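# Observations on the three-dimensional arrangement
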Amino acid sequence: MATKRTGHRGKSASSRAYKKNASAAAKKRAYDRAYSKKKYGSKAGDTAKKRQHNKDSAARWKARKKAGIAGKGGPDMSHTKSGRMVKEGRTKNRGRNGKNGRSTKK
């Protein structure tokens with residue numbers, strides 16, 4: 001039998017304090033946004049970029065599933081010039097950054 005929960009479930013002392021003080025809560029949200037952007041890059045704060053990043057991640061995962069290597073390690077999925085994704089060795093794919101960091105797709 002499950003134990004009975006008591007007290008302020010989900011209501012920490014800090015959350016109660018921020019609920020009472022709107023200006024402090026706004027200051028904390030601004031700090032959290034800046035921290036998140038610094039830690040996770042520009043995709044963290046911008047929802048349009050975040051959606052595009054998630055869409056790209058889903059496409060890569062779908063390609064890995066189709067190739068039968070999803071969740072198993074193995075080779076990378078590399079983009080070709082035509083937009084297809086093919087299996088390629090990790091060192092070859094990640095080493096091909098081209099001159100001045102520009103991609104030189106297969």
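Thresholds, definitions, all that
- Residues numbered from 1 in each chain as written.
- Predicted model: local features only at pLDDT ≥ 70, side-chain atom pairs only at ≥ 80, totals over all residues.
- Heavy atoms only, no water.
- Pairing = 2+ DSSP bridges.
- Helix = DSSP H or I, 4+ residues; strand = E, 2+ residues; numbered from the N terminus.
- Salt bridge = Lys/Arg side-chain N within 4 Å of Asp/Glu carboxyl O.
- Buried < 20%, exposed > 50% of the residue type's maximum accessible area, 1.4 Å probe, protein only.
- pLDDT = per-residue confidence, 0-100.
- Patch = residues over 30% accessible without salt bridge, like charges linked within 9 Å, V, L, I, M, F, W, Y side chains within 5 Å.
- Areas by Shrake-Rupley, 256 points an atom, 1.4 Å probe, with all protein chains shown as cover.
- Lys, Arg positive; Asp, Glu negative; His and termini not counted.
- Charge placed at Lys NZ, Arg CZ, Asp CG, Glu CD.
- Polar contact = N/O pair within 3.5 Å; in protein donor to acceptor, adjacent residues only side chain to side chain.

Another aspect to go through is the pairing of strand 1 (residues 76-79). As judged from the four bridges shared by strand 1 and strand 2 (residues 85-88), these two strands associate in the antiparallel manner. Following the sheet pairing, H79 is matched in strand 2 by M85.

Within the structure shown, the criterion is met by three salt bridges. Across the pair K28 and D32 runs a salt bridge whose closest N-O atoms are separated by 2.7 Å. One end of the pair is K28 and the other is D32, both in helix 2 (residues 22-40) and four residues apart, which spans about a single turn. We note a salt bridge from R94 to D76, for which the minimum N-O separation is 2.9 Å. On the criterion of sequence distance, the pair formed by R94 in helix 4 (residues 90-95) and D76 in strand 1 is long-range, its members being 18 residues apart. Classification of D76 by relative accessible area gives buried; the value is 10%.

Further remarks concern the confidence of the model for the chain. Caution applies to low-pLDDT parts of the model: their predicted coordinates are not meant to be read in detail. In this model, the chain carries a mean pLDDT of 80, and residues with pLDDT of at least 70 account for 75%. When pLDDT is averaged over each helix and strand of the chain, the minimum, 82, is found for helix 4 and the maximum, 90, for helix 1 (residues 13-20).

This paragraph deals with a positive patch on the surface. On the surface, a cluster of positive charge is contributed by R29, R33, K37 and K49. Top element by residues in the positive patch is helix 2. It accounts for three residues. With respect to the helices, strands and loops of the structure, R33 is situated in helix 2. For R33, a relative accessible area of 53% corresponds to the exposed category.

With that settled, consider the side chain of S78. With respect to the secondary-structure elements, S78 resides in strand 1. The class for S78 is buried, based on a relative accessible area of 1%. Within the local environment of S78, its side chain forms a polar contact with the side chain of E88, the two groups lying 2.9 Å apart. A distance of 3.4 Å separates the side chain of S78 from the side chain of N93, its partner in a polar contact.

Only one face of strand 2 is covered, namely the face carrying V86 and E88; the face carrying M85 and K87 is uncovered. Linking strand 1 to strand 2, which pair antiparallel, is a turn of five residues; within it G83 sits at a positive phi near 100 degrees.

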